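Per-entry structural report
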Protein chains: 2
Amino acid sequence: MPNPLLDDRDVALLVDDAFDLPALTALPYFAEHDRATFAAVLDGARRLAREELLPAYRVLDEQPPRLVDGRVVVHPLLHRLFARLRELELIAAPRPAEVGGQQLPLAVYTLATAYLMAGNASAYGYLGLTQGAAHLLEAFGDEHLRTTYMPRMYRGEWTGTMALTEPQAGSSLADVATTATPTADGHYLVRGSKIFISGGDHDLTGNVVHLALARIAGAPPGIKGVSLFCVPRLRVDGDALVDNDVAVTGMIHKIGWKALPSLALGFGERGDCRGWLVGAPHQGIRYMFQMMNEARIMVGVNGVATASVAYHEAVAYARERPQGRALAGKDPAAPPVAITAHADVRRMLLRQRAIVTGGLALLVRTARYADVAHHGADEASRTRAGLVLDLLTPIAKSFPAERGFEANALAVQIHGGYGYSSEYPVEAWLRDQKLNSIHEGTTGIQALDLLGRRAVAGGGAALAAWRDDVERTCARAEAAGVDAAWSTALRTARDATLVLTGELAARGLAGDAEAMLAHATDYLDLFSTVAVAWQWLELAAAVAERARRPGADADHAAVTRACTSYWFTTELPRVVQLAALCRSSDRSYLDLDPAWL
Amino acid sequence: MPNPLLDDRDVALLVDDAFDLPALTALPYFAEHDRATFAAVLDGARRLAREELLPAYRVLDEQPPRLVDGRVVVHPLLHRLFARLRELELIAAPRPAEVGGQQLPLAVYTLATAYLMAGNASAYGYLGLTQGAAHLLEAFGDEHLRTTYMPRMYRGEWTGTMALTEPQAGSSLADVATTATPTADGHYLVRGSKIFISGGDHDLTGNVVHLALARIAGAPPGIKGVSLFCVPRLRVDGDALVDNDVAVTGMIHKIGWKALPSLALGFGERGDCRGWLVGAPHQGIRYMFQMMNEARIMVGVNGVATASVAYHEAVAYARERPQGRALAGKDPAAPPVAITAHADVRRMLLRQRAIVTGGLALLVRTARYADVAHHGADEASRTRAGLVLDLLTPIAKSFPAERGFEANALAVQIHGGYGYSSEYPVEAWLRDQKLNSIHEGTTGIQALDLLGRRAVAGGGAALAAWRDDVERTCARAEAAGVDAAWSTALRTARDATLVLTGELAARGLAGDAEAMLAHATDYLDLFSTVAVAWQWLELAAAVAERARRPGADADHAAVTRACTSYWFTTELPRVVQLAALCRSSDRSYLDLDPAWL
């Protein structure tokens, strides 16, 4: 049986039962949709992912793009895959009809992209990056940019990039040094170096449009002096496309995501690189941050997808691989058992599943909050959903990256010595996964963002809304007959999170930001653990409700309950120790002098 | 400053203060040694590792051995490194003088090999494997094998392998299917397939000697029918070396350890592969297991070494890499700070160090138990040391593999986007590390071995001895003025481990092995956490004692205390939750039907 990439039973449970996504179609923005259009989108993505993306994975991993005469040449197979991906018309799918979109809920889009990313993350990457770049033009660009560049990007005729990072600055966007000098013709002359620009050049389409951060001459220092520019590789000049002095200055040899080149770019080496200001001057970081939640959710989707494909590979391997004897049957003359007979192998499989499906549920839920935040029926519901969206985003980004990496390592482990060989695919997904804790804000940055900004935003309004939504899940689970011990445990952990947040915030309000944030990464771990327990309780409630209806899938209900039990037994109790750690007065690394190391 | 591989200050502390290795020279076996001979061994290893092994790492990683006309051809540079490694005369170093050894304590040998493995694990691998194979011949071989093969192996003229694994059997040695048919000439004719044979062929030396498991015709099924054979690639026939019908049937493309080929071998494809029985028939597994502790300690050393070289790389990078602003100084006009100014970066560095040095201390201590177990002054001390050695070995093997992998991932994380590129070396060590949780018994197997056999061995005698040795450390720390809260915490955790072990053993004695072992992996995690806390308290005591003497290194004392504080705050409290988990009645994966997945 070929690798399913995601468990379709989980997807159906999330869409129909856990989060009732069809209910979104009651909102005007999504009114053209129904369960059937959702199904069509999901079917198209899963079929392409299974039938074409995954089978091409190995060759694209082994034969990455080459740099030939200063241009990037991709594998021929990628041309075909890119054409097929374009046909799905997903780039603009969540966007409004007036810009060529389908007004698809992000929650559904999230699931569709999860299949595609599980099939081949880097092939999909071109689309995702293009969507992000075009969305910036849609949101903040002037008429020229919105008519000249945006539509071709949404149609996939051209691709886009996010050209933020510079060699000297890394994650610190305050230190962007690329300059933009105004001209009398309305455009700017851009000069500077960018690095780690994914999809920064290729021969898949006729043009690449960079959404680049740069500093207008005389701008204030720091993030308040950074502006956003549209810097195409080829600029539109009447009916012609003219070389815009964007040079590929290097290709980074990444250890994963091999089909998507990561490039160093030089803007304006010949002094003729034109950039068009997007929106107002000095607002670049603000604009980027307005897109940040969705970009980070997409990283989370990638983390889950990469862990999911490896999980399914491990399940298939473990079912087939005979080795050893069961604990209770040591007769050496008996044939060996499949390794699923060993409890620790089942533990590793269930742990992977708990991470994968729990993470996917968290992402779909977070995306659903985004749908309501943008298109909810009234201001109050939009504001409320936006608060919870903001709160959950760093978790939805980093949990799949961190625990997904662990899940990918378990998939290798289950394969034993074969997993350590490149003849089996699990090692490649482990490599792919490692990027997700680094790009779009490292895990450490997510942690500071969560505790330092989002959890304390609005005087606790986000946490209060979250509290009530967790309560709703607990009530639902109890009504469905799910073991009340679980809802009690979730309430306790939730309340502990609230109390802890209040204590840490008080430290910050008292002026001791260091004491507040010293254990931000542990706080992120704690909150993630509770957030995923919340999802598992929701899923347990959903299968319990389903079980009352005819035709329910008893196996799927059983494995869903097993995951819930696993998470509540193995992970949720960690909250007590993590909370103590967040409060602790240990100064081991706070007082550490790097010279001691 | 070049990468030091290990912190020499830690090594000195372990040798002189924490574990007083010079005291071993009071034992007759080690009497020819003193602190100066230890220093000479360590200096030779660290110099070669720093000056030649590490600089060659990249090229050997990028240009692995090739299979040419059925033979393995290694990189030319490896010939030079192998010659230099041989000159260290380490292969036989711990062995008795009568077989050409130096009677060096394993505890010192462990540290020497740690430098070499940190410099280049796979280059060192040829030596380590050869030692293990020659040691089997020394211990169990007859006069013919001990004179014909063993000395040339101990001198490094020929290398050796452990040819255990077969494609159909994996970790399950009970299922070895290679056959050995006796002949009238005293040798056996061997026929079968082996896989994952590290160093199974190469052109570094004139011969490779395989210590292979095979089943003599008519042997009972299972492990009680498996015998050990010496199967050279070229057999000694008078003065000639004759091809012995050992074919290289494939090369596995490993993701790390690139300089050491992993091969599939075919014995007797032409019907002329001769093997010489080592020791008595059907005792092969027992012989192997007698060597197992030392082989597993060496895997642990590799785990620590691989994490250590990456840790030092991360320290150097973090000190130099400017990025962002400190929490308390957000002035955008100020120059960026080194990333060590960010608390979470210091956390990641200290965490790596706590794993690396804590793991190294555990290994040196475990090796010291092995020294006393083999060469102690009297039967009682040998027996006692052997019990604790047995107890600690699964921990010393798996802790560095599991937490070392985490440490290696943190080293990548600290490098940010650069860490994701093969232009920086940290990703390669992450690949290398992953093998250690798989070979020489997976982590799951170590866990079953620890809880199912070693912790309950001798009616609790091993645990009782361990208890007293932990007590000795607590008393030492208190006498040295180390914070009594730490010794109290360690005693509490130790006692909790003892109580838990008793409870789990009682389940086994009551006939419910499944309930006893369901959480064996969590038990291993728990015991490892306590065992490493024990090392950190010993190190804290050692630096406290040193601080009273003139010339003490205050920086090293400070970072050692910081690691102790970190471990006792962050890790040791996990014991409470892990113990609850080991006792829990959760049946999530015990009752899991693989068909549900």
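As a reminder, the structure under discussion sits directly above these lines.
First, a word on what this report is: a plain description of the structure on this page.

Reading the values: rules and limits
Chains are numbered independently. Their residues run from 1 in the order of the written sequence. Here every chain gets a letter starting at A, and every ligand a number starting at 1, in the order they are written. Totals for whole chains, interfaces and linings use every residue, but because this is a predicted model, local features are given only for residues with pLDDT of at least 70 and side-chain atom pairs only at 80 or more, for both listing and counting. Side-chain metrics rest on all non-hydrogen atoms present in the structure, leaving aside hydrogens and water. Comment: elements are numbered from the N terminus, with helices defined as DSSP H or I runs of at least four residues and strands as E runs of at least two. Just to be clear, the radius of gyration here is over C-alpha atoms, and the globule rule we use is 2.2 Å times residues to the power 0.38. Type-normalised accessible area, obtained with a 1.4 Å probe on protein chains alone, sets the label of each residue: buried when under 20%, exposed when over 50%, and partly exposed for intermediate values. Should any heavy atoms of two residues lie within 4.5 Å, those residues are considered in contact. Exposure was quantified through the Shrake-Rupley algorithm and a 1.4 Å probe, taking into account, for residues, occlusion by the shown protein chains and nothing else. The convention is simple: Lys and Arg are positive, Asp and Glu are negative, and His and the chain ends are not counted. Each charge is placed at NZ for Lys, CZ for Arg, CG for Asp and CD for Glu. Two N or O atoms count as a polar contact when they lie within 3.5 Å, although within protein this holds only if one can serve as hydrogen donor and the other as acceptor, and sequence-adjacent residues are included solely when both atoms are side-chain atoms. Here the copies are superposed with least squares, the fitted atoms being C-alpha atoms of residues at a pLDDT of at least 70 in both. Here, a strand pair is defined by DSSP locating no fewer than two bridges between the strands. Note on ring pairs: Phe, Tyr and Trp rings are taken, using the six-membered ring of Trp, and paired if centres are within 6.5 Å. Classes follow the plane angle, with under 30 degrees stacked, over 60 edge-to-face and the rest tilted. Ring-over charges, as used throughout, are those where CZ of Arg or NZ of Lys falls within 6 Å of the ring centre and within 35 degrees of the ring normal. Any Lys or Arg side-chain nitrogen located within 4 Å of an Asp or Glu carboxyl oxygen qualifies as a salt bridge. Throughout, buried area stands for the accessible area (probe radius 1.4 Å) lost by two parts on being put together, summed over both. For this classification, the nonpolar set comprises Ala, Val, Leu, Ile, Met, Phe, Trp, Tyr, Cys and Pro, the charged set comprises Asp, Glu, Lys and Arg, and every other residue, Gly included, is treated as polar. Here, the term nonpolar core denotes a set of buried Ala, Val, Leu, Ile, Met, Phe, Trp, Tyr and Cys residues that are joined through side-chain atoms within 4.5 Å. Note on method: axes are straight lines fitted to C-alpha atoms, helices fitted across the in-contact stretch only, with angles between N-to-C directions ranging 0 to 180 degrees. When describing relative orientation, an angle under 35 degrees is termed roughly parallel and one over 145 degrees roughly antiparallel, while 65 to 115 degrees is termed roughly perpendicular and anything else oblique. In plain terms, two cysteine sulfur atoms within 2.5 Å form what is called a disulfide here. Crossing handedness follows the turn of the near helix against the far one: under a right angle anticlockwise gives a left-handed crossing, and clockwise gives a right-handed one. Multiplying 1.5 Å by the residue count of a helix minus one yields the expected span of that helix.

1. Focus: the overall build of chain A
A tally of helices and strands in chain A yields 18 helices and 12 strands. Against the compact-globule benchmark of 25 Å for 597 residues, chain A has a radius of gyration of 24 Å, which places it among compact chains. Counting over 597 residues, chain A shows a buried share of 63%. Intrachain contacts of chain A at a sequence separation of at least 6 include 75% that bridge at least 24 residues. Carbon and sulfur atoms make up 55% of the accessible area of chain A, which amounts to about 19700 Å² in all. One way to put it: in chain A the 58 positive side-chain charges average out to a point 2 Å from where the 67 negative ones average out.

2. What about the environment of Ser 487 of chain B?
All names here are of chain B. Relative to the helices and strands, Ser 487 resides in helix 14 (residues 484-509). Put simply, Ser 487 and Phe 568 are 81 residues apart on the chain and 9.9 Å apart in space, counted from C-alpha to C-alpha. Contacts of Ser 487, omitting those with residues within four sequence positions, involve Cys 474, Glu 478 and Leu 537. Only 2.8 Å separates the side chain of Ser 487 from the side chain of Glu 478, close enough to count as a polar contact.

3. Considering the relation of the copies chain B and chain A
The operation relating chain B to chain A is a screw motion whose rotation component is 180°, with 0.0 Å of axial translation and a residual RMSD of 0.0 Å. What the rotation and shift describe, once combined, is the action of a two-fold rotation axis. Of the residues that chain B buries at the interface, 100% are likewise interface residues in chain A, meaning the two copies contact each other through the same surface.

4. A few points about helix 1 (residues 8-18) of chain B
Residues lying three or four places apart along an α-helix face the same way, a consequence of the helix completing one turn every 3.6 residues. Residue and element names in this part refer to chain B. Those residues of helix 1 lying buried are Asp 10, Val 11, Leu 13, Leu 14, Val 15, Asp 17 and Ala 18. Turning to helix 1, the residues buried within the fold contact helix 2 (35-62), helix 4 (106-140), helix 8 (343-375), helix 13 (461-479), helix 16 (520-547) and helix 17 (554-571). Backbone geometry just after helix 1 places Asp 20 at a positive phi near 40°.

5. Description of the pairing of strand 5 (residues 188-198) of chain A
All names here are of chain A. Here strand 4 (residues 179-182) runs beside strand 5; their pairing, made up of four bridges, is antiparallel. Paired with Thr 179 across the two strands is Arg 191, which belongs to strand 5. Linkage of strand 4 to strand 5, two consecutive antiparallel strands, is achieved through a turn of five residues, within which Gly 186 is found at a positive phi near 95°. As defined by bridge partners, strand 5 adjoins strand 12 (residues 274-277) across two bridges and the pair is classed as antiparallel.

6. Quick word on the packing of aromatic side chains
Per the counting criterion, the structure on display carries 31 aromatic pairs over all chains. On the numbers, 4.9 Å between centres and 70° between planes, the contact of Tyr 188 of chain A with Phe 229 of chain A is edge-to-face. Here Tyr 188 of chain A, found in strand 5, pairs with Phe 229 of chain A, found in strand 7 (residues 227-232); they are 41 residues apart in sequence, far enough to count as distant. Within the aromatic cluster, the residues linked to one another by ring pairs are Phe 196 of chain A together with Tyr 317, Tyr 418 and Tyr 424 of chain B. Above the plane of the ring of Trp 534 of chain A lies Arg 365 of chain A, whose end atom (NZ or CZ) is 3.8 Å from the centre. One cation-aromatic arrangement involves Lys 434 of chain B over Phe 405 of chain B; the distance from NZ or CZ to the ring centre is 4.6 Å.

7. Here we look at the pattern of salt bridges
All names here are of chain B. In the structure shown here, the tally under the stated rule is 99 salt bridges over all chains. Across the pair Arg 403 and Glu 571 runs a salt bridge, and its minimum N-O distance is 3.0 Å. Remark: Glu 571 occurs in helix 17 and Arg 403 occurs in helix 9 (residues 379-414); sequence separation between them is 168 residues. Each member of the pair, Arg 403 together with Glu 571, is buried.

8. A closer look at the interface of chain B and chain A
With 87 residues of chain B at the contact, the number on the chain A side is 87 residues. Here chain B and chain A share an interface that buries about 7200 Å² over both sides, 63% of which is from carbon and sulfur atoms. Of all residues in chain B, Tyr 420, Trp 596 and Leu 597 of chain B give up the largest surface area on contact with chain A, accounting jointly for 13% of the area buried on that side. Inspection of the region where chain B meets chain A yields two salt bridges. Put simply, Asp 175 of chain A and Arg 325 of chain B hold a salt bridge, and the shortest N to O gap is 2.6 Å. The element best represented in the side of chain B that touches chain A is helix 17 of chain B, accounting for eight residues. Of the residues in the side of chain B that touches chain A, the class split is 42 nonpolar, 26 polar and 19 charged.

9. Focus: the nonpolar core
Core analysis: the biggest nonpolar cluster contains 434 residues, and Leu 21 and Tyr 149 of chain A together with Leu 21 and Tyr 149 of chain B have the highest contact counts within it. Apart from residues no more than four positions distant in its own chain, Tyr 149 of chain A is found in contact with Leu 137, His 144, Trp 158, Val 209, Cys 230, Pro 232, Leu 234, Arg 235, Val 236 and Trp 276 of chain A.

10. Some thoughts on the packing of helix 2 of chain B against helix 4 of chain B
Residue and element names in this part refer to chain B. Relative orientation of the contacting elements helix 2 and helix 4 amounts to 10°, with a least axis distance of 7 Å. Looking at the two axes, helix 2 sits roughly parallel to helix 4. Here the residues of the contact of helix 2 with helix 4 sort into 18 nonpolar, two polar and two charged.

11. Some points on the state of the cysteines
Taken as a whole and assessed by the stated rule, the structure comprises zero disulfides over all chains. Here Cys 563 of chain A is not disulfide-linked; the sulfur of Cys 474 of chain A is the nearest cysteine sulfur, at 19 Å. Free of any disulfide, Cys 230 of chain B has its nearest neighbouring cysteine sulfur in Cys 273 of chain B, separated by 10 Å.

12. Some details on the pairing of strand 4 (residues 179-182) of chain B
Relative to strand 6 (residues 208-216) of chain B, strand 4 of chain B runs parallel, the two sharing two bridges. Paired with Thr 179 of chain B across the bridge in strand 6 of chain B is Arg 215 of chain B.

13. Examining the packing of helix 1 (residues 8-18) of chain A against helix 2 (residues 35-62) of chain A
Residues and elements named next belong to chain A. Taken N-terminus to C-terminus, the directions of helix 1 and helix 2 make an angle of 155°; their axes are 13 Å apart at the nearest point. By the angle class used here, helix 1 and helix 2 are roughly antiparallel. The handedness of the crossing between helix 1 and helix 2 comes out as right-handed. Across the interface between the two elements, Asp 8, Val 11, Val 15 and Asp 16 from helix 1 touch Arg 35, Leu 42, Arg 46 and Arg 50 from helix 2. In terms of residue class, the contact of helix 1 with helix 2 is built from three nonpolar, no polar and five charged.

14. Description of unusual backbone geometry
In this structure, Leu 5 of chain A takes a positive phi of about 75° despite not being glycine. Mapped onto the elements, Leu 5 of chain A comes out in the segment before helix 1.

15. Structural notes on the side chain of Ser 262 of chain B
All names here are of chain B. In this structure, Ser 262 sits in strand 11 (residues 262-267). Classification of Ser 262 by relative accessible area gives buried; the value is 2%. Among residues more than four places away in sequence, those in contact with Ser 262 are Phe 196, Ile 197, Ser 198, Gly 250, Met 251, Ile 252 and Lys 254.

16. What to know about the environment of Tyr 589 of chain B
Looking at the element boundaries, Tyr 589 of chain B is found in the segment after helix 18 (574-583). On the accessibility criterion, Tyr 589 of chain B (3% relative accessible area) is buried. A C-alpha to C-alpha distance of 50 Å links Tyr 589 of chain B and Glu 51 of chain B, two positions 538 residues apart in sequence. Residue contacts for Tyr 589 of chain B: discarding those within four places in its chain leaves Ala 343, Arg 346, Arg 347, Leu 350 and Tyr 566 of chain A together with Ala 518, His 519 and Asp 522 of chain B.

17. Concerning helix 9 (residues 379-414) of chain A
Residues and elements named next belong to chain A. For helix 9, with 36 residues, the first-to-last C-alpha span of 50 Å sits near the 52 Å given by 1.5 Å per residue. Of all 36 residues that make up helix 9, 26 are buried, and the element is covered over most of its length. For helix 9, the capping residue at the N-terminal end is Asp 378, with a side-chain oxygen 3.2 Å from the backbone nitrogen of Ala 380.

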